[in-house]
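So you can see what is in the structure, the chains are spelled out below.
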Amino acid sequence: MMPTRWVLSSALGRWRWPLLGLALSFLHLSARADLWAYVDGQGVAHLAATQVDGRYTLFYKGGDVARLDLGALRPAEPEQPAAPLPRRFADLDASRGYLAAQKHLRAAASRHRVDYELLKAVVAAESGFDAGAVSPKGAVGLMQLMPDTAQRYGVAADAAGRTDRQGRPIPARSIEQKLTDPRTNIDAGARYLADLIRLFKGELELALAAYNAGEGAVQRAGNRIPNFRETQGYVKTVMGLYGAFKPAPARPEAAAATFGARTNGRVRVELAPGHPLASLGGE
């Protein structure tokens, strides 16, 4: 169940920070809580106490949020410097496979609300942007989808015996053949990844572990990364690539100013299920 959404709005810019303060009080953040946020294309500031999905970034880390001076709000400093891009991926952005897939990645990221750089990292780790890649286990294409998984997300084999308008037979394509198409593969894979992110409440490492080993394996491990060498290495690789692909954060003072400037006076608060205000409704 996704969190309830509350929207606070005002047409006057001078009310932005008071509204944000009210929003923070709705979240009931603890003394050492983190604040996750992003601003959408309409200028609505989305706030949450946890990373709801891949669009949210850690905007404020720790501290006493109840006493936070909103005018001095600063993004969190990364705990570790971003890992450098591994050598084998150094020329990725100029590769034919990436250039052919880029528009489909952007479309799927927007359609299924998954961070573009996260999708890029998954494809890089899974197939190195080889649309025709097939694993020994039968996973196919850019996002290395198993045919059964792809079928769950709308990829179906063509019926036999089809003809065109001139009566000529149309070759029937199997699910495996369809998964070599970048658009089809990325769209189905992004939908699957988005579902996993929701299933594991925005915990990206668990969602990635499930993408590699299956959601059942993560759940049987007590909602932890399973003790499989392949899966643990996979999660580290994808998260490392994600960090390398993600644009570097702006300087703290610039980021804080941008956050305030880009909002249009509307704040969207993500309330966890069971929150006292959740029963009152919301958007």
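Residues numbered from 1 in each chain as written. Predicted model: local features only at pLDDT ≥ 70, side-chain atom pairs only at ≥ 80, totals over all residues. Heavy atoms only, no water.

Counting residues in each nonpolar core, the largest one holds 48 residues, and the members touching the most others are Leu118, Leu119, Phe129, Leu193 and Tyr211. The set of elements that each furnish at least two residues to this core consists of helix H2 (96-112), helix H3 (116-127), helix H6 (182-199), helix H7 (204-213) and helix H9 (229-245). If sequence neighbours within four positions are ignored, Phe129 has contacts with Leu92, Gly97, Tyr98, Ala101, Leu105, Lys120, Val123, Ala124 and Leu142. (Core = buried A, V, L, I, M, F, W, Y, C linked by side-chain atoms within 4.5 Å. Buried < 20%, exposed > 50% of the residue type's maximum accessible area, 1.4 Å probe, protein only. Helix = DSSP H or I, 4+ residues; strand = E, 2+ residues; numbered from the N terminus. Contact = heavy atoms within 4.5 Å.)

Glancing now at the confidence of the model for the protein. With 59% of its residues at a pLDDT of at least 70, the protein reaches an overall mean of 76. Least confident of the elements in the protein is helix H10 (residues 252-262), whose mean pLDDT is 43; most confident is H6, at 97. Between residues 276-282, whose pLDDT stays under 50, and residues either more than four places distant or in other chains, the model counts 12 contacts. (pLDDT = per-residue confidence, 0-100.)

Below, the discussion takes up H2. Since the α-helix turns once every 3.6 residues, residues separated by three or four places project in the same direction. Taking 1.5 Å per residue as the helical rise, H2 with its 17 residues ought to reach 24 Å, and the 25 Å between its terminal C-alpha atoms agrees with that figure. At Gln102, H2 shows its strongest bend, of approximately 40 degrees. Among all positions of H2, only Tyr98, Ala101, His104, Leu105, Ala108, Ala109 and His112 are buried. (Expected span 1.5 Å × (residues − 1). Bend = angle between axes of the 7 residues up to and from the residue.)

The final tally for this structure, using the stated rule, is 3 aromatic pairs. Arranged with centres 5.3 Å apart and planes meeting at 85 degrees, the rings of Tyr98 and Phe129 form a pair that is edge-to-face. Linking Tyr98 in helix H2 with Phe129 in the loop between H3 and helix H4 (147-152), this pair joins segments that are 31 residues apart in sequence. For Tyr98, a relative accessible area of 4% corresponds to the buried category. Residue Phe129 is classed as buried on the basis of its relative accessible area of 5%. Ring geometry for Tyr153 and Tyr192: centres 5.7 Å apart, planes at 50 degrees, overall tilted. Here Tyr153, found in the loop between H4 and helix H5 (175-178), pairs with Tyr192, found in helix H6; they are 39 residues apart in sequence, far enough to count as distant. (Phe/Tyr/Trp six-rings, centres within 6.5 Å; stacked < 30°, edge-to-face > 60°.)

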